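Coordinate inspection notes
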Amino acid sequence: MTVLTDLKAALADYHDPYLGMDLFSANIVAAMVLEAGCVKLHLVYPYANAKAHADLKVLFTQLLKKAAAVSVEIIIDVAVQAAEQTSQVDSLRNVKNILAISSGKGGVGKSTTSINLALALVAEGAKVGILDADIYGPSQGMMLGVKPGTRPQPLADDKMSPITARGIDSMSIAYMVDTTTPMVWRGPMASGAVSQMVNQTQWGELDYLLIDMPPGTGDIQLTLAQKVPITAAIIVTTPQDIALLDASRGIEMFRKVDIPVLGVIENMSVHICSNCGHQEHIFGAGGGQRIATDYQSELLGALPLDIEIRRQADSGLPANIADSEGPVALIYQDLARKTAARLHQLSRASKKGPVLSVVDD
């Protein structure tokens, strides 16, 4: 065996924890050459994981040097793959993946989860936008720290530019009305407002656009499902039986409109006493895993019931900004990588096409 073959074999033993494949099978190895005793390795990840690059370089250097006494140069890039879109919306033509964050009922932390997931994706090197489609209870502007009264910049052809804050391009009905103005609208009016935000916002090049959906399964959800090329959805729930019942309805809705559900995020999973450290499952235990199993899906992660998550979001400094290396931020970081990897796997599977089998009668 040649030295280069030994090096490739050593690298092939490593399996990416989020894709579950070796680097060669996942097409992550863009180039690998051996020149004058130096192996030069270029890796291109198809999902956002920039914060892992430093540790990965150390790990791969150790693996390669163990296989052969060589020096190592490693370059790691990210190139997020675009999902195939069944329909085209002009304002979204430069958006690679559109992810709906949904919940069957209100009060389960869907909006807080959406913004922290978006911020975690930004920290992983992705270009991210968020559409606040919760017309009756818009909150993304507040959680991003956008000052009240901030308005989108008008552009030509009745378009408008999104508001950029914390590295995220955002659009919300809250940017167009006074913060205390209630949206006393019937379903068609609310759906029309969402359609207008979708069509008139000039989104730039984005790896991921997250849609903070309103709770439930009503007009707005159906409008978005029918008019926006949503790549996939994530269901946010608490372990409580009532929340799980509503979450199951959300999953069924997405199934009826042929939108894949990537998985479930369980919020308020466990309360940890700040004084003594005692753990208590206030809303029940294992509910998120149970509903994920029932629907042949995946529990992507679980968040604790922590007062700091609420305080940080209310102050316009969500967990991923207020304490980027804290335990909660690390959970969101893992969620971001897992979500990005699952979106890539979904896109890769859809592009394979059907397999033709020929058998003799």
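Residues numbered from 1 in each chain as written. Predicted model: local features only at pLDDT ≥ 70, side-chain atom pairs only at ≥ 80, totals over all residues. Heavy atoms only, no water.

1. Quick word on the overall build of the protein chain
When helices and strands are tallied, the protein chain shows eleven helices and 13 strands. Here the C-alpha atoms of the protein chain give a radius of gyration of 22 Å, agreeing with the 21 Å that 2.2 N^0.38 yields for 361 residues. Summarising its shape, the C-alpha atoms of the protein chain cover approximately 75 × 55 × 55 Å along the three principal directions. For the protein chain, the proportion of contacts with a sequence separation of at least 24, taken over those separated by at least 6, is 75%. When the accessible surface of the protein chain is totalled, it reaches about 16900 Å², and 53% of it is carbon and sulfur. Computed over 29 positive and 37 negative side-chain charges, the inter-centroid distance for the protein chain is 2 Å. (Helix = DSSP H or I, 4+ residues; strand = E, 2+ residues; numbered from the N terminus. Rg over C-alpha atoms; globule rule 2.2 N^0.38 Å. Contact = heavy atoms within 4.5 Å. Areas by Shrake-Rupley, 256 points an atom, 1.4 Å probe, with all protein chains shown as cover. Lys, Arg positive; Asp, Glu negative; His and termini not counted. Charge placed at Lys NZ, Arg CZ, Asp CG, Glu CD.)

2. A short note on the sheet that holds strand 8 (residues 206–212)
Across a sheet, paired strands are connected by hydrogen bonds in the backbone, their directions being either parallel or antiparallel. If you trace the eight strands from one edge of the open sheet to the other, you get 6-7-5-8-4-9-10-13, paired in mixed fashion. Bordering the open sheet on either side are strand 6 (163–165) and strand 13 (299–302), each of which pairs with just one other strand. Across the sheet, the axes of successive neighbouring strands diverge by a mean angle of 25°, strand direction being ignored. Packed onto the sheet, helix 3 (residues 110–123) meets strand 4 (95–102), strand 5 (128–132), strand 7 (168–172), strand 8, strand 9 (232–237) and strand 10 (261–266) and runs at close to 170° relative to strand 8. (Pairing = 2+ DSSP bridges. Axes fitted to C-alpha atoms, helices over the stretch in contact; angles between N-to-C directions.)

3. So, the environment of Pro17
By secondary structure assignment, the location of Pro17 is in the loop between helix 1 (3–12) and strand 1 (29–35). Residues Pro17 and Ile272 lie 255 residues apart in sequence; the distance between their C-alpha atoms is 28 Å.

4. Details of helix 1
When helix 1 is considered as a whole, its buried residues turn out to be Leu7, Ala10 and Leu11. The buried side chains of helix 1 occupy one side of the element, clustering within an arc of 95° when seen end-on. The inward-facing, buried residues of helix 1 abut strand 1, strand 2 (38–45) and helix 2 (53–67). (Buried < 20%, exposed > 50% of the residue type's maximum accessible area, 1.4 Å probe, protein only. Arc of directions from axis to C-beta.)

5. Points about the confidence of the model for the protein chain
Predicted confidence across the protein chain gives a mean pLDDT of 89, with 96% of residues reaching 70 or more. Summarising per-element confidence for the protein chain, the mean pLDDT is lowest in strand 11 (residues 271–272) (84) and highest in strand 8 (97). This stretch, residues 353–361, has a pLDDT under 50; its non-local contacts, to residues over four places away or in other chains, come to zero contacts. (pLDDT = per-residue confidence, 0-100.)

6. Details of the sheet that holds strand 2
With respect to topology, three strands assemble into an open sheet ordered 1-2-3, the strand pairing being mixed. Both outer strands of the open sheet, strand 1 and strand 3 (71–78), are each paired with one neighbouring strand and no more. Strand-to-strand twist across the sheet, computed as the mean angle between neighbouring axes with direction ignored, equals 10°. Packing against the sheet, helix 1 makes contact with strand 1 and strand 2, and its axis sits at approximately 145° to strand 1.

7. Remarks on the side chain of Ser170
Residue position: Ser170 is located in strand 7. What makes Ser170 buried here is its relative accessible area of 1%. Of the polar contacts made by the side chain of Ser170, one reaches the side chain of Tyr175; its length is 2.7 Å. The residues contacting Ser170, other than those within four sequence positions of it, are Ile130, Leu144, Pro162, Ile163, Tyr175 and Trp203. (Polar contact = N/O pair within 3.5 Å; in protein donor to acceptor, adjacent residues only side chain to side chain.)

8. Brief notes about empty space enclosed by the protein
With the rule as written, the count across this model stands at one cavity of 30 Å³ or more. In this model, the largest cavity occupies a volume close to 40 Å³. Lining the largest cavity are Pro46, Val80, Gln81, Asn97, Tyr208, Ala340, Leu343, His344 and Ser347. (1 Å grid on protein atoms, 1.4 Å probe; cavity = no way out; pocket = protein on both sides within 12 Å on 5 of 7 lines; lining within 4 Å. Points joined across faces, edges and corners; volume = space filled by probe spheres on them.)

9. Overview of the nonpolar core
Counting 104 residues, the largest nonpolar core has Tyr208, Leu210 and Leu224 as the members making the most contacts within it. When residues of this core are assigned to their parent elements, the largest contribution, seven residues, is made by helix 11 (residues 327–352). Discounting chain neighbours no more than four positions away, the residues touching Tyr208 are Tyr47, Ala48, Val80, Asn97, Leu121, Ala126, Lys127, Val128, Gly129, Ala340 and Leu343. (Core = buried A, V, L, I, M, F, W, Y, C linked by side-chain atoms within 4.5 Å.)

10. A look at unusual backbone geometry
Phi at Ala36 takes a positive value of approximately 50°, unusual for a residue other than glycine. Counting through the fold element by element, Ala36 comes out in the loop between strand 1 and strand 2. Backbone geometry at Asp258 places phi at a positive 60°, although glycine is not the residue there. Tracing the chain through its elements places Asp258 in the loop between helix 7 (241–256) and strand 10.

11. A few points about helix 6 (residues 219–227)
Of all the residues in helix 6, the buried ones are Ile220, Gln221, Thr223, Leu224 and Ala225. Along its buried surface, helix 6 packs onto helix 5 (187–200), strand 8 and helix 7.

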